[in-house]
Amino acid sequence: MADDAAKGCDDARALRSIAVLCVGNKLMLDDGVGPAVYEELIERYEIPQNVQLFDLGCLSLDMLDSVRAFDMIITVDAVDGTDAEPGTVFRFEPDAMARRSGASASLHDLKLIDLFDSAALLGYRAEGLCLGMQVENASPAVVTIGLTPRVHAALPLLVDTVAGELARLGSPLSPKTLR
């Protein structure tokens, strides 16, 4: 009987709707880590129906409806000022990451917690999680597509971290089969 109850709980978790918001500007070197993760996830995995991936330039209040539409929102973004080596992956609760500036702050003006705070004023609620990678250069002097070598080398770790979080939430990704 206990196994049936646990299975029912797992089934309910698998049905949760999840948004993965890949944030960043791929024209600004390492700031493009979110879109790079999006591209890798699309290329490598079959995405479950209850999971939607978004390739966003910047997080904006246009995403307010997403807080209403999804049970869980995961952001994937570049972080800076952590004193960690470029390519280091971080996992933050939205409140822990975004209420402070400087270390561990997203490189974008609107943070996930800001989105959640605004949504709460409208009565919307969702869980949130921030996955980020310490960058080496997110502000090149000229428009530059691509990631710096150390961030590029660590990209699979961030992609695997996103896949692992989705599996933890009951929505594992399936590798695409080669044709």
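Quick notes on the rules
Residues numbered from 1 in each chain as written. Predicted model: local features only at pLDDT ≥ 70, side-chain atom pairs only at ≥ 80, totals over all residues. Heavy atoms only, no water. Helix = DSSP H or I, 4+ residues; strand = E, 2+ residues; numbered from the N terminus. Buried < 20%, exposed > 50% of the residue type's maximum accessible area, 1.4 Å probe, protein only. Core = buried A, V, L, I, M, F, W, Y, C linked by side-chain atoms within 4.5 Å. Contact = heavy atoms within 4.5 Å. Salt bridge = Lys/Arg side-chain N within 4 Å of Asp/Glu carboxyl O. Phe/Tyr/Trp six-rings, centres within 6.5 Å; stacked < 30°, edge-to-face > 60°. Polar contact = N/O pair within 3.5 Å; in protein donor to acceptor, adjacent residues only side chain to side chain.

### Notes on the environment of Thr177
Tracing the chain through its elements places Thr177 in the segment after β8 (174–175). Since its relative accessible area comes to 63%, Thr177 is described here as exposed. Linking Thr177 and Arg44, residues 133 residues apart in sequence, is a C-alpha distance of 8.7 Å.

### Section: the nonpolar core
Val20, Val37 and Ile74 are the most contacted members of the largest nonpolar core, which has 30 residues in total. Where this core is concerned, the elements lending two or more residues are β1 (18–23), α2 (33–44), β3 (51–56), β4 (72–80), β7 (127–134) and α6 (149–168). Apart from residues lying up to four places away in sequence, Ile74 is in contact with Ile18, Ala19, Val20, Leu21, Leu129, Leu131, Glu165, Leu166 and Leu169. Ala19, Leu56, Val67 and Phe70 belong to the second-largest nonpolar core, a separate cluster that totals eight residues.

### Looking at the pattern of salt bridges
Pairs may arise between side chains of opposite charge once their charged atoms sit close together. Going through the model one piece at a time under the given rule, you end up with nine salt bridges. Residues Arg44 and Asp160 are paired through a salt bridge, measuring 3.0 Å at the closest nitrogen-oxygen approach. One end of the pair, Arg44, is in helix α2; the other, Asp160, is in helix α6, and 116 residues separate them in sequence. The class of Arg44 is partly exposed, set by a relative accessible area of 28%.

### A short note on the environment of Val79
Its place among the elements puts Val79 in strand β4. Residue classification places Val79 among the buried residues on the basis of a relative accessible area of 0%. Remark: the alpha-carbon pair of Val79 and Leu131, spanning 52 residues in sequence, is separated by 9.2 Å.

### Some thoughts on the packing of aromatic side chains
Counted under the stated rule, the structure contains two aromatic pairs. Both rings, one in Phe54 and one in Phe70, keep their centres 6.0 Å apart while their planes meet at 85°; by these two values the pair is edge-to-face. Residue Phe54 is found in strand β3, and its partner Phe70 is found in the loop between α3 (64–69) and β4; the two are separated by 16 residues along the sequence. A relative accessible area of 22% places Phe54 in the partly exposed class. With 5.6 Å between their ring centres and 15° between their planes, Phe90 and Phe92 make a pair best called stacked. Residue Phe90 shares its accessibility class with Phe92, and that shared class is buried.

### Details of the side chain of Arg16
As for its placement among the helices and strands, Arg16 is situated in the loop between α1 (2–14) and β1. Residue Arg16 is classed as buried on the basis of its relative accessible area of 17%. Reaching out from Arg16, the side chain makes a polar contact with the side chain of Glu127 at a distance of 3.0 Å. What Arg16 contacts, discounting residues up to four positions off in sequence, is Asn50, Asp71, Met72, Glu127 and Leu169.

By themselves these figures say nothing about function.
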